[in-house]
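# Reading the structure
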Amino acid sequence: ISLGLVGSEMCIRDRFGGMRYSDETKKQKTHPDTCANFFTCVILGNPALAAITDAPVDITLDEWTWTAGLRYHVHQDLMIYGSIGTGVKSGAFSSTSDPVGDYASNNLVTDPEEVTSYELGIKSSLLDNHVNLNFALFYMDYEDLQVRIGCAQCGPGGIPDRSFSNAAKATAKGFEVEIVAFPTESLKLTAGIGSLDATYDEWVGGVEDPRRGEEFFDVSGNAIALSADWSVNASAQHTTELMGGILSSRLDLSYVDDRYSDGSFHNHPEDIVPSQTLLNGRVSYRPVEDSWGVSLWVKNLTDDDSKVYAAYGSTFLPAASNRAQYQ
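Now for a quick tour of the structure. (Residues numbered from 1 in each chain as written. Predicted model: local features only at pLDDT ≥ 70, side-chain atom pairs only at ≥ 80, totals over all residues. Heavy atoms only, no water.)

Of all hydrophobic cores here, the largest spans 14 residues; its most connected members are Leu-145, Val-147, Tyr-200 and Trp-203. When residues of this core are traced back to their parent elements, those giving at least two are strand E8 (131-151), strand E9 (161-184) and strand E10 (187-202). Residue contributions to this core peak at four residues, all from E8. (Core = buried A, V, L, I, M, F, W, Y, C linked by side-chain atoms within 4.5 Å. Buried < 20%, exposed > 50% of the residue type's maximum accessible area, 1.4 Å probe, protein only. Helix = DSSP H or I, 4+ residues; strand = E, 2+ residues; numbered from the N terminus.)

Here it is as structure tokens:
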């Protein structure tokens, strides 16, 4: 259920706001396994399955969220705005082979994730509407951020396992700049840049990985995985009429700064994924009076083969194979 409100004063100042009510219930059924040791679980890949078991608890959500803001039109080509809003993500079940045991050890469900977000921005139109320039400054304050953690020997038969948990507090702040230009009626150019600083503000006992000497400790102040400091995007699109149809050509460029891979809570140097630049292209043709079209596209024109994932292997892998990397 959602409600909204918009007010205005002489078309110069706009007030807006809204509320949303969420009522949600989640249930879980699982096939517990009776895998007793490493050999039958991993080597043979054949754990014995017991009867289907219901989780001993349901996950419920019963909460209101809201947003409120103000837009101020300095003149018809410049608008300044600010907003505050709240959001919620319902709790989640961990993948489990023993829901009763995991619930007893407080390892089955997470609490809801809540966020309060603040945003200030400018939207403008320049050069007789040939250029649009937008800027946004944001700050997001998370409570009980949901994260997936690993445990080296928590799975059936003592094998590695992953589960959901909550980090106490986290923040993400930064800015975004976007420019859209129309040099001609047939050519559209876009460019954008984003800066992000996302960290765990408070999380004691985040994760354990004794395979490389990492134990439960305070990860407060560490960067959140996959949060690159900088990102850049640009595109050029050209359209023209050809033989009773529209011929479109487009190039897209994206750059993402180096960042820690998924699951890197300790910010270990070996978990860094290097920066990557991708160039994609597409040419399309669509007749004006028909419903069909044809496209020719290619991804990664420059054949960038940078690593995009890094993870530490499980205890049974040879030392030389402990690093998993994907390109």
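On the secondary structure map, Ala-225 appears in the loop between E10 and strand E11 (230-242). Sequence separation between Ala-225 and Ala-198 is 27 residues, and the spatial gap between their C-alpha atoms is 8.7 Å. Residue contacts for Ala-225: discarding those within four places in its chain leaves Tyr-200, Tyr-260, Ser-261, Asp-262, Gly-263 and Ser-264. (Contact = heavy atoms within 4.5 Å.)

Our next topic: the pairing of strand E16 (residues 294-298). A regular strand places its side chains on the two faces of the sheet in alternate fashion. Relative to E16, strand E15 (residues 276-287) runs antiparallel, the two being bridged by five bridges. Following the sheet pairing, Ser-284 is matched in E16 by Ser-295. A loop of six residues connects E15 with E16, the two strands running antiparallel in sequence. (Pairing = 2+ DSSP bridges.)

Now for the packing of aromatic side chains. Taken as a whole and assessed by the stated rule, the structure comprises five aromatic pairs. Ring geometry for Tyr-118 against Tyr-139: centres 6.2 Å apart, planes inclined by 50 degrees, an arrangement best described as tilted. Within this pair, whereas Tyr-118 is found in strand E7 (residues 113-126), its partner Tyr-139 is found in strand E8, the two being separated by 21 residues in sequence. Overall, the relative accessible area of 33% leaves Tyr-139 in the partly exposed class. Between the aromatic rings of Phe-175 and Trp-230, the centroid separation amounts to 5.9 Å while the plane-to-plane angle is 75 degrees, which identifies the pairing as edge-to-face. (Phe/Tyr/Trp six-rings, centres within 6.5 Å; stacked < 30°, edge-to-face > 60°.)

Looking now at the pattern of salt bridges. Counted by the stated rule, this structure contains seven salt bridges. A salt bridge links Arg-71 to Asp-14; the nearest nitrogen and oxygen atoms lie 4.0 Å apart. Of this pair, Arg-71 sits in strand E5 (residues 59-75) while Asp-14 sits in strand E2 (residues 13-26), and the two are 57 residues apart along the sequence. Residue Asp-14 is classed as buried on the basis of its relative accessible area, which comes to 14%. Among the ionic pairs, Lys-89 bridges to Glu-113, the shortest N-O distance being 3.9 Å. (Salt bridge = Lys/Arg side-chain N within 4 Å of Asp/Glu carboxyl O.)

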